[in-house]
Amino acid sequence: MRMMAEETHGQGANGDIHTGHPTPLIYFKVAMSLCAITAAEVAIFYVEALGHGIIPILIVLSAAKFILVAMFYMHLRYDSRLFSGFFVAGLVLAILVFIALLALFRVFF
Amino acid sequence: MAHAPAIAHGAEHEDTTTGLNHRKLLMWAFLGSDCMFFGTLLGTYLVYQGKSKVGPFPEDVFSIPVTSTSTFVLLMSSMSMVLAYAALTRGSMKGFRIWLFSTAILGMTFLAFQVFEFREFANHEVHFECSTPLSELTEYEKTFVSQCTDASVVVEEQHGLTPRTNLFGTTFLTLTGFHGAHVTLGVVWLLSLFFYSFKGGVRPETNLDVDLAALYWHFVDVVWIVIFTVVYLFGVFPGI
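Residues numbered from 1 in each chain as written. Chains lettered and ligands numbered in written order. Predicted model: local features only at pLDDT ≥ 70, side-chain atom pairs only at ≥ 80, totals over all residues.

Observations concerning the overall build of chain B
Line of reasoning, step 1. Within chain B, the secondary structure is distributed over 7 helices and 2 strands.
Line of reasoning, step 2. Secondary structure elements in chain B, listed N-terminal to C-terminal, are α-α-α-α-β-α-β-α-α.
Line of reasoning, step 3. By the compact-globule yardstick of 18 Å for 240 residues, chain B is too spread out, its C-alpha radius of gyration being 23 Å.
Line of reasoning, step 4. Dimensions of chain B, computed from C-alpha atoms along their principal axes, come out at roughly 75 × 40 × 30 Å.
Line of reasoning, step 5. Look at the contacts in chain B between residues 6 or more apart in sequence, and 78% of them connect residues 24 or more apart. (Helix = DSSP H or I, 4+ residues; strand = E, 2+ residues; numbered from the N terminus. Rg over C-alpha atoms; globule rule 2.2 N^0.38 Å. Contact = placed C-beta atoms within 7 Å.)

Here it is, written out as C-alpha cells:
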C-alpha cells in the first residue's frame, strides 16, 4: 500500500523540509488496516493449536497497530523528531520498568 | 462554499530554543509519562495474574466478542478525530464539527460498553446444569460441583467481580477504570472544543488546540490496543 502525503513545504527549526498532512484517504486506509489487524487478532485467538506461539504473534500485531496510530494519526512521521524522542523515551522507560517488574516477581521468567 | 487555504502542519517556526511549540512539546512529555503510568498498572495486573484465591477469573467474565466491538468503536473514533483535525486545517469548520462530534459520540459509546461490561462483571452469576461435563466448566465453576447431588440440579449463585473480590478484580478494574477515566476526560475535552467552536474559539489558525486534544485521544486509543491484547486476549486464551 503506497502512502502518499500531501507535500506542504516549510522550514523547520533545523532548516529541515517538513511534509504536511496525509490525505483523508490515507487516514481511512490506516483505519481499515487497524480494523483488519484487530480482526486477525480475534481470529487467531480462536486457534487453540497455536499454544504459547500466540504470544509473539499478538505482540507483533499489536505493535503494528501501535506504530500505525503513532506515525500517521499522531503525526510522528511528519513532525519533529524531538516529539518522537519525548514519547519514545517514556515508552522505553515504561517497557523497561514493566520487564523489571515481571522479572522481580518471576512472571514468565 | 470557499474554504480557507490549508494551514501547513509542522511548517511553523516558533520563537523557542527548539523551534517547536512549548505546549505541544509538553503534551508529548505528558504522554510519555502516561506510558509509565499505564505500564505500571499493566505490570501489576500481570504480576498478580493467576494468583487470585477465589473467583471469578478472567475466563468466567470476559466476552471477547463484546470487547472486540468496543475496540473497533475506539479505533473508529481515532479515525474520526484525525479527520476532524484535517478538516479544521483545510478550513472546513462544518467538517471539523461533524467529525469532532462523531468522535465524542464514539467515545461515549465505548464508555457505555465499559459500563455495561463492569455491570455484567459485578452481577456475574455462576450458572450451570449438573449434567454438564466437567471438561466444559471453567475452573471456578468446578469449585461448585460439590453442590451437584444429582444431574438434574442447576447450580445458580451470584458471585460478582468487584475491586474487593480478588486480586484479578482489583488489578483489572483499576487498570481499565483509569483508562475509562482518561476516555471520559477526553470526551469532555472534545465536547468542550465542539461547543467552543460555535463561539469562534476554535479556528483554523488556532488548530494547535485541537491537535493537542487529538494527541491525547489517540494515546488513549493506543493504550486500549495494548490492554485489549495483553489483558483480554492473553487472559482467556485457552491454549496458554
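Remarks on the overall build of chain A
Line of reasoning, step 1. Looking only at helices and strands, chain A has 3 helices and 0 strands in total.
Line of reasoning, step 2. Along chain A, helices and strands appear, N-terminal first, in the series α-α-α.
Line of reasoning, step 3. The buried share of chain A, reckoned over its 109 residues, is 28%.
Line of reasoning, step 4. Sequence-distant contacts, at least 24 apart, represent 37% of the contacts inside chain A between residues at least 6 apart. (Buried ≥ 20, exposed ≤ 12 C-beta atoms within 10 Å, placed from the backbone.)

Things to note about the interface of chain A and chain B
Line of reasoning, step 1. Counting residues at the interface gives 51 residues for chain A, matched by 48 residues for chain B.
Line of reasoning, step 2. At the level of secondary structure, the elements contributing two or more residues to the side of chain A that touches chain B comprise helix 1 (24-45), helix 2 (54-73) and helix 3 (81-104) of chain A.
Line of reasoning, step 3. The greatest single-element share of the side of chain A that touches chain B, amounting to 14 residues, is contributed by helix 3 of chain A.
Line of reasoning, step 4. Grouping the constituent residues of the side of chain A that touches chain B by class yields 34 nonpolar, 13 polar and 4 charged. (Nonpolar A, V, L, I, M, F, W, Y, C, P; charged D, E, K, R; others polar.)

Quick word on the domain arrangement of chain B
A common measure of how large an interface is: the accessible area buried when the components associate.
All names here are of chain B.
Line of reasoning, step 1. For chain B, the assigned domains are domain 1 (22-124 + 160-236) and domain 2 (129-158).
Line of reasoning, step 2. One C-alpha centre belongs to domain 1, the other to domain 2; they are set 37 Å apart.
Line of reasoning, step 3. Residue classes in the side of domain 1 that touches domain 2 are distributed as 2 nonpolar, 3 polar and 2 charged. (Domains from an automatic or database assignment.)

Some remarks on the packing of helix 3 (residues 64-90) of chain B against helix 7 (residues 208-236) of chain B
Residues and elements named next belong to chain B.
Line of reasoning, step 1. Closest axis-to-axis distance for the helix 3/helix 7 pair is 10 Å, and the angle between their directions is 165°. Judged by the inter-axis angle, helix 3 sits roughly antiparallel to helix 7. Helix 3 and helix 7 meet at a crossing whose hand is left-handed. Along its contact with helix 3, which presents I64, T67, T71, L74, L75, S77, S78, M81, V82, A84, Y85 and L88, the element helix 7 presents V210, D211, A214, W217, H218, D221, W224, F228, Y232 and V236.
Line of reasoning, step 2. The residue makeup of the contact of helix 3 with helix 7, split by class, is 15 nonpolar, 5 polar and 2 charged. (Axes fitted to C-alpha atoms, helices over the stretch in contact; angles between N-to-C directions. Parallel < 35°, antiparallel > 145°, perpendicular 65-115°, else oblique. Left-handed = near helix turned anticlockwise from the far one by under 90°.)

Here we look at the confidence of the model for chain B
Residues and elements named next belong to chain B.
Line of reasoning, step 1. Across chain B, the average pLDDT comes to 91, with 94% of residues at 70 or higher.
Line of reasoning, step 2. Residue range residues 1-5 is modelled with pLDDT below 50. Its contacts to residues more than four positions away, or to other chains, number 6 contacts.
Line of reasoning, step 3. Interface confidence for the predicted complex, expressed as ipTM, amounts to 0.85; the pTM equals 0.88. (pLDDT = per-residue confidence, 0-100.)

Overview of helix 1 of chain A
Line of reasoning, step 1. Over its 22 residues, helix 1 of chain A runs 32 Å from end to end, which matches the ideal 32 Å to within 8%, given 1.5 Å per residue.
Line of reasoning, step 2. On the buried face of helix 1 of chain A, the contacting elements are helix 2 of chain A together with helix 3 and helix 7 of chain B. (Expected span 1.5 Å × (residues − 1).)

Digging into the pairing of strand 2 (residues 154-158) of chain B
Residue and element names in this part refer to chain B.
Line of reasoning, step 1. Buried residues are scarce in strand 2, accounting for 0 of its 5 residues.
Line of reasoning, step 2. Pairing between strand 1 (residues 125-129) and strand 2: 5 bridges, direction antiparallel. Pairing of E129 across the sheet is with V154, part of strand 2. (Pairing = 2+ DSSP bridges.)

Some remarks on the confidence of the model for chain A
All names here are of chain A.
Line of reasoning, step 1. The share of residues in chain A with pLDDT of 70 or more is 80%, and the mean pLDDT across the chain is 82.
Line of reasoning, step 2. The spread of mean pLDDT over the elements of chain A runs between helix 3, the lowest at 91, and helix 1, the highest at 95.
Line of reasoning, step 3. Low confidence marks residues 1-19, where pLDDT is under 50. Its contacts with residues over four positions away, or in another chain, come to 36 contacts.

Overview of unusual backbone geometry
Line of reasoning, step 1. Residue P56 of chain B is reached from G55 of chain B by a cis peptide bond, and omega for that bond is 5°.
Line of reasoning, step 2. Looking at the secondary structure, you find P56 of chain B in the loop between helix 1 (22-47) and helix 2 (58-61).
Line of reasoning, step 3. Even without glycine at this site, H75 of chain A takes up a positive phi of about 65°.
Line of reasoning, step 4. For H75 of chain A, the position within the fold is in the loop between helix 2 and helix 3.
Line of reasoning, step 5. One non-glycine residue with positive phi stands out, namely R106 of chain A, at about 55°.
Line of reasoning, step 6. By the element assignment, R106 of chain A lies in the segment after helix 3.

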